[in-house]
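Here's the letter readout for the chains.
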Amino acid sequence: MMRRTRRTILPIAIFLFTTYIHAQVPTQDDGPLQPNTDTARPKQIGNDTIIRMAKAGLDDNIILQTINLQPGHYDVTPDDLIALKAAGVSQQVIAAMQAHGTGLDIRTHHTPTGEITPQSFGLDDPGVYYKDKQGEWIPLKIERLTIKSGGTVKSLLTHGIISRDMNGHIDGAKSPLVLPTGVEILIYAPVGTEATEYDFLRFREHSDNREFRTLTGGVFHSESGADRDEIEFTPKKIAPQLYTFTVPIDIEKGEYGVLPPASAGMQGTGKIFTFSIPE
């Protein structure tokens, strides 16, 4: 009787073991087991989320941290900015949304009041920078500038202040820095100055040097001539002391520079930020 019972139990045990093993091996139809990655894809936040956070009374520092750390896309057209302000969003938060929208992701440095500073963008010194492919801000090439002043002119928009022609000379036929068209330029202006006091210049190229002619005192916008080399540009203020503009896609190839106001009006030597646009 015992021998017959063992003969019955053994096939049942083998069947159960085989069924268990088969259940653990994925079939070809089912494919390999994959982790659920839906929870690993944070949803982008936008204007509506920021407005809800502001109306809920959350501190600006919390909202700024959210903008900095969370993936997001913010609409910052003039109408959007008006709507944000009307909804009670603070100026500091709006500025952070503008900076994020231009690719200038705010890092983690804020003043106790949440104000954006140049250090928020990883910048320590005033100067002129360009954004590389990794989104980092890299200084433009600084070159030595020799300056000579010429005749004087008067401008009604400067209340009769006398300004002088300025002839600039840079040694070398080309800037060591080559940039593409459409690149973003960032001006970190010293305290007490604005980006409108800078000149965006196209150089006259020679075999061993580059030259330009402009007016001292940043009065290009009030009076200019065909014999001067300024390029009109409209820098956008994105934070205190910080301004951006984009090199036009259709700009001509050649040698270019950004002249800071500290060099304007001098006679002798100064500095200028330079770059080349290749063919």
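Our subject in this report is the structure included herewith. (Residues numbered from 1 in each chain as written. Predicted model: local features only at pLDDT ≥ 70, side-chain atom pairs only at ≥ 80, totals over all residues. Heavy atoms only, no water.)

Re the nonpolar core
Counting residues in each nonpolar core, the largest one holds 22 residues, and the members touching the most others are Leu140, Ile185, Ile187 and Phe275. Elements represented by at least two residues in this core include exactly strand S1 (127-131), strand S5 (184-188), strand S10 (242-246), strand S11 (254-259) and strand S12 (268-277). A total of three residues in this core trace back to one element, the largest contributor, which is S12. Filtering out sequence-adjacent residues up to four positions away, Ile185 remains in contact with Val128, Tyr129, Tyr130, Trp137, Leu140, Leu179, Tyr243, Thr244, Phe245 and Val247. In this structure, Ile50, Leu64, Ala87 and Ile94 belong to the second largest nonpolar core, which totals 15 residues. (Core = buried A, V, L, I, M, F, W, Y, C linked by side-chain atoms within 4.5 Å. Buried < 20%, exposed > 50% of the residue type's maximum accessible area, 1.4 Å probe, protein only. Helix = DSSP H or I, 4+ residues; strand = E, 2+ residues; numbered from the N terminus. Contact = heavy atoms within 4.5 Å.)

A look at the pairing of S1
Extensive coverage of S1 is indicated by the burial of five of its five residues. The side-chain alternation of S1 yields two buried faces, one formed by Gly127, Tyr129 and Lys131 and the other by Val128 and Tyr130. One ladder, built from four bridges, connects S1 with S5; its direction is antiparallel. Paired with Gly127 across the bridge in S5 is Tyr188. Strand direction decides the pairing type here: S1 and strand S2 (residues 137-139), joined by three bridges, are antiparallel. Across the sheet, the residue bridging to Tyr130 is Ile138, located in S2. In this structure, the hairpin formed by S1 and S2 is closed by a connection of five residues, where Gly135 is found at a positive phi of approximately 85°. (Pairing = 2+ DSSP bridges.)

Examining the sheet that holds S2
Pairing between the strands of a sheet comes from backbone hydrogen bonds, and it takes one of two forms, parallel or antiparallel. Pairing is antiparallel in the open sheet, where five strands are placed in the order S2-S1-S5-S10-S9. Strand pairing shows two members of the sheet lacking a second neighbour, S2 and strand S9 (236-239), which therefore form its edges. Along the sheet, successive strands turn relative to each other by an average axial angle of 35°, direction set aside. (Axes fitted to C-alpha atoms, helices over the stretch in contact; angles between N-to-C directions.)

A look at the packing of aromatic side chains
Given two aromatic rings, one states the distance between the centres and the angle between the planes to describe the pair. Counted under the stated rule, the structure contains seven aromatic pairs. Here Phe200 and Tyr256 contribute two aromatic rings whose centre-to-centre distance is 6.0 Å and whose plane-to-plane angle is 35°, an arrangement assigned as tilted. Pair noted here: Phe200 is in strand S6 (residues 199-202) and Tyr256 is in strand S11, with a separation of 56 residues, a long-range link. The buried category is assigned to Phe200, whose relative accessible area is 2%. Following the ring pairs from residue to residue traces out a cluster consisting of Phe200, Phe233, Phe245, Tyr256 and Phe275. (Phe/Tyr/Trp six-rings, centres within 6.5 Å; stacked < 30°, edge-to-face > 60°.)

Here's the deal with the pattern of salt bridges
In total, this model carries seven salt bridges according to the counting rule given. In this structure, Arg202 engages Glu252 in a salt bridge whose closest nitrogen and oxygen atoms are separated by 2.6 Å. Pair noted here: Arg202 is in strand S6 and Glu252 is in the loop between S10 and S11, with a separation of 50 residues, a long-range link. Accessibility expressed as a relative area gives 27% for Arg202, which makes it partly exposed. For Lys253, the salt bridge is made with Glu279, and the minimal N-O distance between the two is 3.9 Å. Of this pair, Lys253 sits in the loop between S10 and S11 while Glu279 sits in the segment after S12, and the two are 26 residues apart along the sequence. A residue is classified by how much of its surface remains accessible, and Glu279, at 83% relative accessible area, is exposed. Salt bridges sharing common partners tie together Lys174, Glu205 and Glu255. (Salt bridge = Lys/Arg side-chain N within 4 Å of Asp/Glu carboxyl O.)

By themselves, these observations are geometric and do not establish any function.
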